Amino acid sequence: MKNKGLKIFGIITSIGMLIVLLQGALVTKTGSAEGCGATWPLCFGEVIPESPALETIIEYSHRLWSGLMGLFVIILAVWSWKKLSHLRETKFMALMAVLFIMFQGLMGAGAVIWGNSDIVLALHFGISTISFAAVVLLTVLAFENDRHHVLAPIVSKGYRTYLFFVLIYCYAVIYTGAYVKHTEATYVCGGFPLCNNELIPNMNGGLGFEIGVHFAHRVFASLLVIFLVILLIWTLKRFHTYKSLVWTSILANLLVFIQVAAGISVLYSDNYLTPALFHALTVTVLFTILGYMAMIITRNKTS
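If you're wondering where the values come from, they're calculated on a predicted model, not measured in any experiment.

Each value, and the rule that gives it
Residues numbered from 1 in each chain as written. Predicted model: local features only at pLDDT ≥ 70, side-chain atom pairs only at ≥ 80, totals over all residues. Heavy atoms only, no water. Helix = DSSP H or I, 4+ residues; strand = E, 2+ residues; numbered from the N terminus. Rg over C-alpha atoms; globule rule 2.2 N^0.38 Å. Buried < 20%, exposed > 50% of the residue type's maximum accessible area, 1.4 Å probe, protein only. Contact = heavy atoms within 4.5 Å. Areas by Shrake-Rupley, 256 points an atom, 1.4 Å probe, with all protein chains shown as cover. Axes fitted to C-alpha atoms, helices over the stretch in contact; angles between N-to-C directions. Parallel < 35°, antiparallel > 145°, perpendicular 65-115°, else oblique. Left-handed = near helix turned anticlockwise from the far one by under 90°. Nonpolar A, V, L, I, M, F, W, Y, C, P; charged D, E, K, R; others polar. pLDDT = per-residue confidence, 0-100. Core = buried A, V, L, I, M, F, W, Y, C linked by side-chain atoms within 4.5 Å. Disulfide = S-S within 2.5 Å. Patch = residues over 30% accessible without salt bridge, like charges linked within 9 Å, V, L, I, M, F, W, Y side chains within 5 Å. Salt bridge = Lys/Arg side-chain N within 4 Å of Asp/Glu carboxyl O.

Student: Give a description of the overall build of the chain that names residues and reports values.
Tutor: Looking only at helices and strands, the chain has eight helices and zero strands in total. Computed over the C-alpha atoms, the radius of gyration of the chain is 20 Å, within 12% of the 19 Å expected from 2.2 N^0.38 for a compact globule of 303 residues. Expressed along its principal axes, the backbone C-alpha trace of the chain runs to roughly 55 × 50 × 30 Å. Considering the chain as a whole, with its 303 residues, one finds that 48% of them fall into the buried category. In the chain, once contacts between residues fewer than 6 apart in sequence are set aside, the share between residues at least 24 apart is 78%. For the chain, the computed accessible surface area is about 15,000 Å², with 71% contributed by carbon and sulfur atoms.

The structure is reproduced here in structure tokens:
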């Protein structure tokens, strides 16, 4: 087995980055972003805060774990660059992983010290998602290095363009979901599928903006489901001989329906936190799956 150590380290780093992402979602969903006051990297100016509140523990553990994983990501990127540089995607994924983990940390620090608008804060989760995807794909490359031939499905230009559209669109859905939380618009749209018993909700009044944000996310998410179903049908009809595309497109559809179910359950569940974190988890894995599909279809551009 080639590069066994790199593979193991990649798996550990991928799991660690997933924890970072879930911790970040936990910080947001529990309102713990100010758990350490306006000081960074210390917590209330202390290395170990005395008698910390729950919000402080959640925020500070996220900072410490994120810092550790930042170091792991850098090590993984350098290690992959050295051992897997012959694979065409390695350098790009390594740069993406490092740049976005650094950007994520700087955004988090800036939000603590100076504060940021909801528009900027919503980007934090999206950046974490990209960083996680890059780490996972680096790990995948380490395993693919054992193959005599890497997966390189031959697809049409239209299919390739459509898949990249869905990938980018998925990121937009991730952003709108994060924006819903940061604008505290989670519960302004009662019921499902209707919003406050209206097909198109009334967006006038004091909560009009929040209702608009929530409703827009629902529309975006619904369209993502349609786009992924189209991707699956296209794959099964035209490229069913490529099992890598068939199974990943099936998995993407399963994840998006799980994602929708988790989002709906947030509205009705007595335990808000569990479905909300699951909601964040599934969309992150979905984005990573689409990223993997995009990676392998760009390896052969003969059609």
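Student: Give me the lowdown on the packing of helix α5 (residues 157-182) against helix α6 (residues 208-238), citing residues and values where you can.
Tutor: Helices that pack against each other are described as a pair by the angle of their axes relative to one another and the distance between those axes. Axis separation between α5 and α6 bottoms out at 9 Å; the angle between their running directions is 155 degrees. Of the possible angle classes, the one that applies to α5 and α6 is roughly antiparallel. Here α5 and α6 pass one another in a crossing that is left-handed. Of the residues contributing to the contact of α5 with α6, the split by class is 23 nonpolar, six polar and no charged.

Student: I'd like a rundown of the confidence of the model for the chain, residues and numbers included.
Tutor: When the pLDDT values of the chain are averaged, the result is 85; 93% of them are 70 or greater. The least confident element of the chain is helix α3 (residues 90-113), whose mean pLDDT is 80; the most confident is α5, at 92.

Student: Can you tell me about the nonpolar core, naming the residues and giving the values?
Tutor: Leu 224, Leu 228, Leu 231, Leu 245, Leu 286 and Leu 290 are the most contacted members of the largest nonpolar core, which has 75 residues in total. Among the secondary structure elements, those contributing two or more residues to this core are α1 (4-29), α2 (54-83), α3, α4 (118-144), α5, α6, α7 (243-268) and α8 (273-297). The element best represented in this core is α4, accounting for 13 residues. Look past the residues within four positions of Leu 228 in its chain and what remains in contact with it is Val 166, Ala 252, Asn 253, Val 256, Leu 286 and Leu 290.

Student: Could you give an account of the state of the cysteines, naming the residues involved and the relevant values?
Tutor: Scanning the entire structure with this criterion turns up one disulfide. What pairs with Cys 189 in a disulfide is Cys 195, and their sulfur atoms sit 1.6 Å apart. Taking the torsion about the S-S bond as the criterion, the Cys 189 to Cys 195 disulfide, at about -95 degrees, is left-handed. Look at Cys 189 and you get buried, because its relative accessible area is 0%. What makes Cys 195 buried here is its relative accessible area of 1%.

Student: Tell me what's going on with the side chain of Ser 249, and back it up with residues and numbers.
Tutor: Among the secondary structure elements, Ser 249 is positioned in helix α7. Apart from residues no more than four positions distant in its own chain, Ser 249 is found in contact with Leu 232, Thr 235 and Met 293.

Student: So what about a nonpolar patch on the surface? Which residues, and what values?
Tutor: The grouping of Val 219, Phe 220, Leu 223, Ile 226 and Ile 230 at the surface amounts to a nonpolar patch, some 370 Å² of accessible area in total. Within the fold, Ile 230 resides in helix α6.

Student: Can you explain the pattern of salt bridges? Please cite residues and give values.
Tutor: Scanning all chains against the criterion turns up four salt bridges. Where Glu 89 meets Arg 299, a salt bridge forms, and the shortest distance between an N and an O atom there is 2.6 Å. Remark: Arg 299 occurs in the segment after α8 and Glu 89 occurs in the loop between α2 and α3; sequence separation between them is 210 residues. Each member of the pair, Glu 89 as well as Arg 299, is classed as buried. Between Arg 299 and Glu 144 there is a salt bridge, with the nearest N and O atoms lying 2.7 Å from each other. Here Arg 299 is found in the segment after α8, whereas its partner Glu 144 is found in helix α4, with 155 residues between them in sequence.

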